[in-house]
Amino acid sequence: MKTCLVVDDSRVIRKVARRILEDIGFEIAEASDGMEALAWCRAAMPDAILLDWNMPVMTGIEFLRHLRLEPGGDQPTVVFCTVENDVERIREALDCGADEYIMKPFDGDIIASKFAEVGLA
Amino acid sequence: MRPEDKDLVVQLCGARAGLHVDPAKDYLLESRLGPVARRENFGSIDEMIAALRAKREDRLAWAIVESMASSETAFFRDRIPFNLFRDEILPTLARLRDGEPIRIWSAACGSGQEVYSLAMTIDDQRSLIPGARLELFASDLSERALEKAQSGLYTQFEIQRGLPIRQLVRHFEKAEEMWALSPRIRQMVRWRRINLVADLSAAGRFDVIFCRYVLNALVEPMRARLLENLARALSPDGFLFLGLGETATGLSEAFQPVSGRPGLYARNPSFRAAA
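Since this is a predicted model, take the numbers as computed values, not measurements.

Cut-off values and rules
- Residues numbered from 1 in each chain as written.
- Chains lettered and ligands numbered in written order.
- Predicted model: local features only at pLDDT ≥ 70, side-chain atom pairs only at ≥ 80, totals over all residues.
- Heavy atoms only, no water.
- 1 Å grid on protein atoms, 1.4 Å probe; cavity = no way out; pocket = protein on both sides within 12 Å on 5 of 7 lines; lining within 4 Å.
- Points joined across faces, edges and corners; volume = space filled by probe spheres on them.
- Nonpolar A, V, L, I, M, F, W, Y, C, P; charged D, E, K, R; others polar.
- Pairing = 2+ DSSP bridges.
- Helix = DSSP H or I, 4+ residues; strand = E, 2+ residues; numbered from the N terminus.
- Right-handed = clockwise from strand over helix to strand, strands pointing away.
- Buried < 20%, exposed > 50% of the residue type's maximum accessible area, 1.4 Å probe, protein only.
- Arc of directions from axis to C-beta.
- Contact = heavy atoms within 4.5 Å.
- Polar contact = N/O pair within 3.5 Å; in protein donor to acceptor, adjacent residues only side chain to side chain.
- Axes fitted to C-alpha atoms, helices over the stretch in contact; angles between N-to-C directions.
- Parallel < 35°, antiparallel > 145°, perpendicular 65-115°, else oblique.
- Left-handed = near helix turned anticlockwise from the far one by under 90°.
- Buried area = accessible area lost by both parts, 1.4 Å probe.
- Salt bridge = Lys/Arg side-chain N within 4 Å of Asp/Glu carboxyl O.

A. Geometry of empty space enclosed by the protein. Residue and element names in this part refer to chain A. Throughout the structure, instances matching the rule amount to one cavity of 30 Å³ or more. Forming the walls of the largest cavity are Val6, Val7, Asp8, Ile13, Ala17, Leu50, Leu51, Asp52, Cys81 and Phe106. Grouping the constituent residues of the lining of the largest cavity by class yields eight nonpolar, no polar and two charged.

Have a look at this one:
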């Protein structure tokens, strides 16, 4: 079973995302900020990461920069999931190594469609 | 809705557009007809149908039929047909036509996602097919759908269904709460209102026709007619895309399936274009 790490400081969002991703066949781990997510990845690199941008301690974009430098950190498919919807911000995320990008609010169809886009569902 | 009112709508949709409407789907009928009634300043659907019976006004009849014809769509819907178009059909036609125009038709284009997906594909592939002249056409039964499609404006939900983020960044700009497709892509498409089961002899000749999720929405007797209409509008070496789960086989001799390419049809060589 493929694993997906859901990184978001909102417990509600993590819960919603978990339910949607479990339905399309992922095993889910959760982290509430970038630092926690990095610790997860060092222990066990997931297949996919659903990543919020604005979080305390370490933001999503900082996490992504660190992740891509880790051993095996080029492997996970990273899908941003954030309220940030400026084209410049999206470009920045793609330049840092994000594979797809979801703008909140999202629903199950959007997550399924984006994960299919990157060959994960 | 009263049963006789539902029957009138069913009959109207069948007669005018060949559209199959299930009278048992009350929710669908009411969710489509409610907005038409409000727009046309009737107090209720019942009042609107009563006015239709009394006056038989053509414009109102079409507004009702068009509202029942619309359906949900997405960018790059089903994905595979677009990959097939990009990787096989486009390069092949570019070679065969050798600078002569290649005409592509999105029939029943709805709010435009299909034809714009094709336009973006062509734009992204342009350097690989130098000298190819592509002409894109889109049609729908509904004027309202055509207006929305031509605007190139989509909600944040709509642009996240099927559209890869890199294509969003390349081809769209934010316009307040909406996302606006670049004028360069929008200007690639020509638009027209077309009823696919009417006489299509003036529609022109096309090399590729996308007509997906129309066939199975039609009443049985109109399906063969649609296919024969499309066959006449297709060049002899052209291609037709139907939706997943739709088939021309058994309905009409006009098309034959392309093996190993689900949803793709070629004109049957024995089909005579002149009816």
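Back to the write-up after that little detour.
B. Looking closely at the pairing of strand E2 (residues 26-31) of chain A. All names here are of chain A. Judged from the six bridges that link them, strand E1 (residues 2-7) and E2 form a sheet pairing that is parallel. Among the inter-strand pairings, Val7 is bridged to a residue of E2, identified as Ala31. As a crossover connection, the stretch from E1 through helix H1 (residues 11-23) into E2 is right-handed.

C. Representation of helix H2 (residues 34-43) of chain A in the model. Residue and element names in this part refer to chain A. Of all the positions in H2, only Gly34, Ala37, Leu38 and Cys41 are classed as buried. Buried positions in H2, seen along its axis, are confined to an arc of 100° and lie on one side of it. The inward-facing, buried residues of H2 contact E1, E2, strand E3 (48-51) and helix H3 (60-69). The opening residue of H2 is Asp33, an N-cap whose side-chain oxygen sits 2.7 Å from the backbone nitrogen of Met35.

D. The arrangement of the packing of helix H5 (residues 80-97) of chain B against helix H6 (residues 113-125) of chain B in detail. Residues and elements named next belong to chain B. Remark: H5 packs on H6, axes separated minimally by 10 Å, with the N-to-C direction vectors making an angle of 45°. One way to sum up the angle between H5 and H6 is to call them oblique. Note on packing geometry: the crossing formed by H5 with H6 is right-handed. Where H5 approaches H6, its residues Phe82, Phe85, Arg86 and Leu90 are matched on the opposing element by Glu114, Ser117, Leu118, Thr121, Ile122 and Gln125. By residue class, the composition of the contact of H5 with H6 is five nonpolar, three polar and two charged.

E. Up close: the interface of chain A and chain B. Taken together, the contact between chain A and chain B spans 21 residues of the former and 16 residues of the latter. Roughly 1,600 Å² of surface becomes buried between chain A and chain B when both sides are summed, with 52% attributable to carbon and sulfur atoms. Its largest share of buried area at the contact with chain B, chain A owes to Met103(A), Ile110(A) and Glu117(A), together 30% of the area lost on that side. Connecting chain A to chain B are four salt bridges. The partner of Glu117(A) in a salt bridge is Arg79(B), with the nearest N and O atoms 2.7 Å apart. For the pair chain A and chain B, the interface holds 14 residue pairs in polar contact (both at pLDDT 80 or more). Take the side of chain A that touches chain B: its biggest share by element is five residues, from helix H5 (residues 108-117) of chain A. Considered class by class, the residues forming the side of chain A that touches chain B number 10 nonpolar, two polar and nine charged.

F. Main features of the environment of Lys174(B). Residue position: Lys174(B) is located in strand E4 (residues 172-175). Once you skip the residues sitting within four places of it in the chain, Lys174(B) turns out to touch Asn85(A), Asp86(A) and Trp179(B). Within the structure, the side chain of Lys174(B) is placed 2.5 Å from the side chain of Asn85(A), a separation counted as a polar contact. Separated by 3.0 Å, the side chains of Lys174(B) and Asp86(A) make a polar contact.

G. Summary view of the sheet that holds strand E1 (residues 101-107) of chain B. Residues and elements named next belong to chain B. Taken in spatial order, the seven strands line up as E6-E2-E1-E7-E8-E10-E9 in an open sheet, and their pairing is mixed. Here the strands that pair on one side only, and so sit at the sheet edges, are strand E6 (189-193) and strand E9 (255-257). Mean inter-strand twist for the sheet, computed between neighbouring axes without regard to direction, equals 25°. Relative to strand E8 (residues 234-241), strand E7 (residues 206-210) runs parallel, the two sharing four bridges. By the bridge assignment for E8, Phe210 is matched with Phe241. Each of E1, strand E2 (133-140), E6 and E7 is contacted by H6, which is oriented at about 170° to E2, the strand it contacts most. The sheet strands contacting helix H10 (residues 220-233) are E1, E7, E8, E9 and strand E10 (264-267), and the helix crosses E8 at an angle near 130°.

H. Up close: the layout of surface pockets. All names here are of chain B. Computed from the structure, the largest pocket encloses a volume of approximately 1,500 Å³. If you trace the largest pocket, you find 50 residues lining it, with Arg32, Glu66, Ala69, Ser70 and Ser71 closest to the centre. Among the secondary structure elements, those contributing two or more residues to the lining of the largest pocket are helix H2 (26-39), helix H4 (58-69), H6 and helix H7 (143-151). If you go around the second largest pocket, you meet 14 residues; those closest to its centre are Ala74, Phe75, Arg77, Asp78 and Gly162. In terms of residue class, the lining of the second largest pocket is built from four nonpolar, three polar and seven charged.

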